[in-house]
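# Fold and geometry: a report
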Amino acid sequence: MVGYAFMGAAHSQAWRTVNHVYDLPVPVRMHVVAGRSAAAVAAAADRLGWAGHTDDWRTLLTRGDVDLIDICAPGDAHAEIAIAALAAGKHVLCEKPLANSVAEAREMVAAASAAHDSGVRAMCGFNYRRVPAVALMRRMVAEGRLGTIRHIRASYLQDWLVDPSYPLVWRLRREVAGSGALGDLGAHIIDLTQFVTGLSISAVCALTETFVKSRPLPSSPPGTGEVTVDDAVLFLARLGDGVVASYEATRFATGRKNGLRVEINGSLGALVFDFERMNELSFHSTEAPADEQGFTRVLVTEPTHPYMSAWWPPGHLIGYEHTFTHQAYDLVQAIAAGSDPAPSFADALQVQLVLDAVSRSAETSSWITVERSSAEPSG
């Protein structure tokens, strides 16, 4: 694994757990974690359960005991590491968004395609796909339970940047992060809505705002630096044939810690998912008797629900960390079977193309057509 902070800790939890929960076709062994600081990565290896550590990720490319490289580093490192790993014959899991630009994402897709014929697989880590309620939502849409889809509403609201004294961390620097709330949070709801509906975003009209223009530097000497990413993004979108949608992503929604919400309205009903109630799905059906209609709370903890047969008896809830365990399971299963894991790098490129179109739309205050990658959203 490359990187050991927030996402590195979440991925490590998954790799530590997946062997104990699932009967995998091949065992997972956590050999080595890489980071820039020798002292810090050594401490992280001990804390997170890795057998070894290195301060040079390139050494992973030549190790015979490393089959898979999990990229949890900031976005500006994704392309270089992924392309080198794939060329070295290593399977790759890369955190979202795939890259900091469409050009980088295309290079990564090309590298994944070139490695594919040799049995090397690549996947992008959109973990919210692995929430059982989201997987159930997708299944119900595919079964036609909503009829013709008409409206989509998606929001991802956090508030960790409300305080203007919060330091200028890497996520607030465009050269490292690529974008702000757009790529950090917006990428998730873009992927989630396309995944659940099977529809691609075809056009967008957007606005962005940066509320706090400068922040204290996180290290000495004291001073301030410019915030070069968006703090909030809102955009309208069209999907498929006549489907309209609205999206909002912000890290300034005071009082909201991790408020991810998706609502889909169709001719026969509606579905609502709220991550702050991640074990639940709300379903409304127009086919119910008129005097019984309303949103029904579905507790997604039955063994017949996606992923849940591996966990606890019905009614016993799971959490955020389980989504990464499900992700690890799906990836290992695909690699062992020689099948293509999802979302692929091509799927992630489609998200990157939407991010790019949103950014360009915000600059011009106009509708922008989203370019299509060669792949449809996959399951």
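This text follows the structure it describes.
These lines cover the structure that appears in this document, whether it is placed above or below. Treat the numbers as computed from the prediction; the structure is a model and nothing was measured.

Conventions and cut-offs
Residues numbered from 1 in each chain as written. Predicted model: local features only at pLDDT ≥ 70, side-chain atom pairs only at ≥ 80, totals over all residues. Heavy atoms only, no water. Core = buried A, V, L, I, M, F, W, Y, C linked by side-chain atoms within 4.5 Å. Buried < 20%, exposed > 50% of the residue type's maximum accessible area, 1.4 Å probe, protein only. Helix = DSSP H or I, 4+ residues; strand = E, 2+ residues; numbered from the N terminus. Contact = heavy atoms within 4.5 Å. Axes fitted to C-alpha atoms, helices over the stretch in contact; angles between N-to-C directions. Parallel < 35°, antiparallel > 145°, perpendicular 65-115°, else oblique. Nonpolar A, V, L, I, M, F, W, Y, C, P; charged D, E, K, R; others polar. Salt bridge = Lys/Arg side-chain N within 4 Å of Asp/Glu carboxyl O.

## Quick word on the nonpolar core
Trp15, Val204, Phe273 and Phe345 are the most contacted members of the largest nonpolar core, which totals 113 residues. Of all the elements, helix α9 (residues 345-364) adds the most residues to this core, at 11 residues. If we skip the residues at most four places from it in the chain, Val204 touches Phe235, Leu236, Ala237, Val354, Ala357, Val358, Ser361, Ser366, Trp367, Ile368 and Val370. With seven residues, the next largest nonpolar core counts Leu172, Val227, Val229 and Phe252 among its residues.

## Notes on the packing of helix α3 (residues 78-87) against helix α4 (residues 102-116)
Relative orientation of the contacting elements α3 and α4 amounts to 10°, with a least axis distance of 9 Å. The angle between α3 and α4 falls in the class roughly parallel. Residue-level inspection shows His78, Ala79, Ala82, Ile83 and Leu86 of α3 in contact with α4, the latter providing Glu104, Glu107, Met108, Ala111, Ala112 and Ala115. Residues that form the contact of α3 with α4 fall into these classes: eight nonpolar, one polar and two charged.

## Considerations on the pattern of salt bridges
Evaluation of the coordinates by the stated rule reveals 19 salt bridges. Ionic pairing is found between Arg173 and Glu175, a salt bridge with its closest N-O pair at 3.1 Å. Between Lys213 and Glu209 there is a salt bridge, with the nearest N and O atoms lying 3.4 Å from each other. Among the residues examined, Glu209 registers a relative accessible area of 36% and is labelled partly exposed. Connected via shared salt-bridge partners are Lys96, Arg171, Asp184 and Arg251.

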